[in-house]
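Fold and geometry: a report
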Amino acid sequence: MANGYHPLADALPAPRRDQFLDISAQHVAATVARMPTHDQFLRAHCPAPDAKVAA
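One structure accompanies this document, and this report is about it. (Residues numbered from 1 in each chain as written. Predicted model: local features only at pLDDT ≥ 70, side-chain atom pairs only at ≥ 80, totals over all residues. Heavy atoms only, no water.)

Focus: the environment of Phe 41
You can see Phe 41 is positioned in helix H2 (residues 38-45). According to the relative accessible area criterion, Phe 41 is partly exposed, its value standing at 41%. Placed 17 residues apart in sequence, Phe 41 and Ser 24 show a C-alpha to C-alpha distance of 25 Å. Contacts of Phe 41, omitting those with residues within four sequence positions, involve Pro 36 and Cys 46. (Helix = DSSP H or I, 4+ residues; strand = E, 2+ residues; numbered from the N terminus. Buried < 20%, exposed > 50% of the residue type's maximum accessible area, 1.4 Å probe, protein only. Contact = heavy atoms within 4.5 Å.)

So, the environment of His 27
Within the secondary structure, His 27 sits in helix H1 (residues 14-34). His 27 sits in the exposed class, given a relative accessible area of 54%. Along the sequence, His 27 and Ala 48 sit 21 residues apart, while their C-alpha atoms lie 33 Å from each other.

What to know about the pattern of salt bridges
Enumeration over the complete set of coordinates arrives at two salt bridges. Between Arg 17 and Asp 18 there is a salt bridge; the shortest N-O distance is 3.0 Å. Relative accessible area serves as the criterion here: at 34%, Asp 18 is assigned to the partly exposed category. The salt bridge partner of Asp 39 is Arg 43, with a shortest N-O separation of 2.8 Å. Placement of both Asp 39 and Arg 43 in helix H2 is noted, with a separation of four residues, approximately one turn of the helix. (Salt bridge = Lys/Arg side-chain N within 4 Å of Asp/Glu carboxyl O.)

Limitation: the analysis is restricted to geometry and does not speak to function.
Structure, rendered in structure tokens:
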């Protein structure tokens, strides 16, 4: 949990601050929605080598 916040947060009126935070959250959600899952990322960028089966 944060111990405080930046004083600049008090410079915006509450409705404008809330609008800014809502837009920021929408941008974050849209960016995350385009990203691969953790599993997809690992499979694409650092797949495990094929296991060799002993005969």
